[in-house]
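In case you want the letters, here they are:
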Amino acid sequence: MKTLTIAMHGVTGRMGTNQHFIRSILAIMRQGGVTMADGQTIQIKPILLGRSEAKLRHLAETVATQEIGAAVAWSTDVDAVLSDPGVDIVFDASSTQLRASIIRRAIEHGKAIYCEKPIAVDVAEALRLADECESAGVKNGVVQDKLWLPGVRKLRMLRDQGFFGDILSVRGEFGYWVFSGDEPNQATQRPSWNYRREDGGGMMIDMFCHWQYLIGDLFGPVDRVLAHATIDVPQRIDEAGKPYACTADDSAYAMFVLENGLTCQFNSSWATRVRRDDLLTVQVDGTKGSAVAGLRDCWTQSLAATPRPIWNPDIPQPINFYDGWQALPDATQYDNAFKIQWELFLKHVADGGDFPWSLRSGAAGVALACAGEQSSREQRWVSVGELGAQ
Ligand SMILES: NC(=O)C1=CN([C@@H]2O[C@H](COP(=O)(O)OP(=O)(O)OC[C@H]3O[C@@H](n4cnc5c(N)ncnc54)[C@H](OP(=O)(O)O)[C@@H]3O)[C@@H](O)[C@H]2O)C=CC1
Ligand SMILES: O=C1CO[C@H](CO)[C@@H](O)[C@@H]1O
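Since the model is a prediction, treat every value here as computed from it, not as a measurement.

What counts and what doesn't
Residues numbered from 1 in each chain as written. Chains lettered and ligands numbered in written order. Predicted model: local features only at pLDDT ≥ 70, side-chain atom pairs only at ≥ 80, totals over all residues. Heavy atoms only, no water. Helix = DSSP H or I, 4+ residues; strand = E, 2+ residues; numbered from the N terminus. Rg over C-alpha atoms; globule rule 2.2 N^0.38 Å. Contact = heavy atoms within 4.5 Å. Areas by Shrake-Rupley, 256 points an atom, 1.4 Å probe, with all protein chains shown as cover. UniProt positions renumbered as here; feature names shortened; annotations may be inferred. pLDDT = per-residue confidence, 0-100. Axes fitted to C-alpha atoms, helices over the stretch in contact; angles between N-to-C directions. Parallel < 35°, antiparallel > 145°, perpendicular 65-115°, else oblique. Nonpolar A, V, L, I, M, F, W, Y, C, P; charged D, E, K, R; others polar. Phe/Tyr/Trp six-rings, centres within 6.5 Å; stacked < 30°, edge-to-face > 60°. Buried < 20%, exposed > 50% of the residue type's maximum accessible area, 1.4 Å probe, protein only. Domains from an automatic or database assignment. Buried area = accessible area lost by both parts, 1.4 Å probe. Salt bridge = Lys/Arg side-chain N within 4 Å of Asp/Glu carboxyl O. Polar contact = N/O pair within 3.5 Å; in protein donor to acceptor, adjacent residues only side chain to side chain. Near = heavy atom within 4 Å. Pairing = 2+ DSSP bridges. Core = buried A, V, L, I, M, F, W, Y, C linked by side-chain atoms within 4.5 Å.

Novice: Please explain the overall build of the chain as it appears in this structure.
Specialist: The secondary structure content of the chain amounts to 9 helices and 18 strands. Taking 390 residues into account, the globule formula puts the C-alpha radius of gyration at 21 Å, and the chain, at 22 Å, falls close to it. Dimensions of the chain, computed from the C-alpha atoms along their principal axes, are close to 70 × 55 × 45 Å. Sequence-distant contacts, at least 24 apart, represent 72% of the contacts inside the chain between residues at least 6 apart. Accessible surface, the chain: about 17600 Å² in total, of which carbon and sulfur atoms supply 50%.

Set out below in structure tokens:
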């Protein structure tokens, strides 16, 4: 048995608490650790880190006790924990702006590093962080959770089985309505920093990082992007109830052309009302069949089941287009996507198991976001190669 001690910074945030601490780390502890290829078990010991004693104490004592029947360690002395020789892994899910400083302090102390995306808001900094990790020889990884969404796993299975024939195009629709905080009795659902560019916010820096690895994994590397981004809601209300000016894009419309010539269009918006199957849907059209994946489900339509519609607005539409799609059954029990990636990272640290989702690959995500921003600013196609991250 091997025990890995994980310093978790940013654990008091939305992602840190829910996806990483409760649904990944505590869930792994509850299941008794992670089993490695040689049959040994990796046990984990988290130390929660942050600036708010009250929030940390609540998570480490109340929440952990509810979930696993015991409290875990916590501290507000970030430097002391990061330099503690007993700590094996430093994890960061704090605000994007703090990421580089936490990563660098972890490198200095020779820790393995795992962190949320984006790793930085500009490519040069993202590449420097990847370089520094590699020169120091520390194991490193970035969260790329969408790869393990059940809907995405089903799409991957269809691709591997040759269901699509030749893939002709891909269309992603992402987003939902985020209340501005101004509407009576409707609190906003997302932290205000997301709508301030100066605080690391913005649709492209948030979501293009995901689109980069998702498209790369399923369909091939992106060659170039044409994007147009807008600030749809110019003023929102912050956590203190004060109005603030929105300086970050909350919608981004993009075409990605891949190195293999395939076109993927992705619409991403915090100012849209959902009338589709899920908050993210990815439609793949191929010569032999099409599929639409949501977060969990995936629907297919084969060539043989494809309807033959006739354009006639003078009569009610005779075809219910949803009827021609078939939901795929679950092929397995789908665990939480963040937890699956955590288990792979723990194995990578413990026994060198494969982990290609490094800071270098996180930098490629930042590069696509920056290419999108540049395309929108300059109103032109931007090749990802221009940013030097691929
Ligand atoms: N993979 C994914 O699907 C997603 C990833 N993310 C990424 O995760 C990160 C966090 O996002 P999210 O959880 O939504 O953000 P939150 O605003 O909910 O959490 C921010 C965290 O950072 C901490 N923090 C903020 N400012 C400071 C500071 N000055 N000093 C110390 N700690 C600070 C907060 O601590 P405190 O509680 O004390 O304020 C909190 O722990 C972002 O980088 C984001 O891009 C976000 C959403 C989804
Ligand atoms: O991946 C993501 C999914 O959606 C979140 C919001 O709901 C985003 O902030 C995030 O980065």
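We are not done yet, so read on.
Novice: In this structure, what is going on with the UniProt feature "domain: GFO/IDH/MocA-like oxidoreductase" (unreviewed entry) in the chain? I would like to understand it.
Specialist: With numbering matched to this structure, UniProt assigns "domain: GFO/IDH/MocA-like oxidoreductase" (unreviewed entry) to residues 152–291. Secondary structure within residues 152–291 divides into 18% helix and 35% strand; the distance between the first and last C-alpha atoms comes to 11 Å.

Novice: It is not clear to me how the confidence of the model for the chain should be interpreted in this structure. Could you clarify?
Specialist: Low pLDDT means the predicted atomic positions in that stretch should not be read closely. Looking at the chain as a whole, its pLDDT mean stands at 97, while 99% of the residues score no less than 70. The ipTM, which scores confidence in the relative placement of chains, is 0.97 for this predicted complex, and the corresponding pTM is 0.97.

Novice: Where do I start with the packing of helix H6 (residues 150–160) against helix H7 (residues 203–218) in this structure?
Specialist: The description of two packed helices rests on the angle between their axes and on the distance between the axes. Between H6 and H7, whose axes approach to 10 Å, the crossing angle comes to 25°. Considering the angle they form, H6 stands roughly parallel to H7. In this structure, H6 contributes Val152, Leu155, Arg156 and Arg159 to the contact, and H7 contributes Leu214, Asp217 and Leu218. Of the residues in the contact of H6 with H7, the class split is 4 nonpolar, no polar and 3 charged.

Novice: In this structure, what is going on with the packing of aromatic side chains? I would like to understand it.
Specialist: Aromatic rings considered in pairs are described by the distance between their centres and by the relative angle of their planes. Tallied over the entire structure, the rule returns 15 aromatic pairs. Seen from their ring centres, Tyr114 and Phe355 are 6.1 Å apart, and the 85° between their planes marks the pair as edge-to-face. You can see Tyr114 sitting in strand E6 (residues 112–115) and its partner Phe355 sitting in the loop between helix H8 (337–351) and helix H9 (359–378), a full 241 residues away along the chain. The burial state of Tyr114 is the same as that of Phe355; both residues are buried. Ring plane angle 80° and centroid distance 5.4 Å describe the contact between Phe163 and Phe164, whose orientation is recorded as edge-to-face. Through a chain of ring-to-ring contacts, three or more aromatic side chains come together here, namely Phe91, Tyr114, Trp148, Trp342, Phe345, Phe355 and Trp357.

Novice: Is there a simple way to think about the domain arrangement of the chain in this case?
Specialist: By a widely used convention, the size of an interface equals the accessible area lost when the partners come together. You can read the domains of the chain as domain 1 (2–145 + 336–358) and domain 2 (146–334 + 367–382). In this structure, domain 1 and domain 2 have C-alpha centres spaced 28 Å apart. At the junction of the two partners, domain 1 supplies 18 residues and domain 2 supplies 20 residues. With both sides pooled, the region where domain 1 packs onto domain 2 buries about 1500 Å², and carbon together with sulfur makes up 62% of that total. Where domain 1 packs against domain 2, one counts 2 salt bridges. Between Lys117 and Asp206 there is a salt bridge whose closest N-O contact spans 2.6 Å. The tally of links between domain 1 and domain 2 comes to 9 residue pairs in polar contact (both at pLDDT 80 or more). With 4 residues, the single largest contributor to the side of domain 1 that touches domain 2 is H8. A per-class count over the side of domain 1 that touches domain 2 returns 9 nonpolar, 5 polar and 4 charged.

Novice: How do you make sense of the site of ligand 2 when you look at a structure like this?
Specialist: Inspection of the region around ligand 2 gives Arg14, Lys117, Lys146, Phe174, Tyr176, Arg190, Asp206, Met207, His210 and Trp270 as its neighbouring residues. Residue Lys117 places a side-chain N or O atom 3.0 Å away from an oxygen atom belonging to ligand 2. The side chain of Arg190 places a nitrogen or oxygen atom 2.6 Å from an oxygen atom of ligand 2. Bound to the protein, ligand 2 loses 79% of the 290 Å² it would expose on its own. Ranked by residues supplied to the shell around ligand 2, first place goes to H7 with 3 residues. The residue inventory of the shell around ligand 2, partitioned by class, reads 4 nonpolar, 1 polar and 5 charged.

Novice: Even after reading the chapter, I still don't get the site of ligand 1, so can you show me in this structure?
Specialist: Residues in close proximity to ligand 1 total 23 residues, the closest being Thr12, Arg51, Lys55, Thr96 and Arg99. Taking Met15, its main chain carries an N or O atom lying 2.9 Å from an oxygen atom of ligand 1. Take Arg51: an N or O atom from its side chain is 2.8 Å from an oxygen atom of ligand 1. In terms of residue class, the shell around ligand 1 is built from 8 nonpolar, 7 polar and 8 charged.

Novice: Would you mind showing me how to read the sheet that holds strand E16 (residues 298–302) here?
Specialist: Pairing between sheet strands relies on hydrogen bonds along the backbone, with the strands arranged either parallel or antiparallel. One open sheet holds the 9 strands; their spatial order is E17-E16-E15-E14-E8-E13-E12-E9-E18, and the pairing between them is mixed. Two strands in the sheet have a free side with no partner beyond their single neighbour: strand E17 (326–327) and strand E18 (382–383). Looking at chain direction, E16 and E17 are connected through 2 bridges and run antiparallel. Looking at the pairing, Trp299 lines up with Ala327 of E17.

Novice: I would appreciate a short explanation of the UniProt feature "domain: Gfo/Idh/MocA-like oxidoreductase N-terminal" (unreviewed entry) in the chain in the present structure.
Specialist: The feature "domain: Gfo/Idh/MocA-like oxidoreductase N-terminal" (unreviewed entry), as annotated in UniProt, sits at residues 51–139 in this numbering. Between the first and last C-alpha atoms of residues 51–139 the distance is 26 Å; the span itself is 51% helix and 12% strand.

Novice: Whenever I open this one, the nonpolar core confuses me. Can you help?
Specialist: As a rule of thumb, soluble globular proteins bury nonpolar side chains together. Counting residues in hydrophobic clusters, the biggest one holds 115 residues, and the most contacted among them are Phe21, Trp211, Phe256 and Leu346. Here this core takes 10 residues from H7, the largest share from any one element. Counting contributing residues, this core receives three or more from each of domain 1 (2–145 + 336–358) and domain 2 (146–334 + 367–382). Setting aside residues no more than four positions away along its own chain, Phe256 makes contact with Phe208, Trp211, Ile215, Val222, Arg224, Val225, Leu262, Thr263, Cys264, Phe266 and Leu368.

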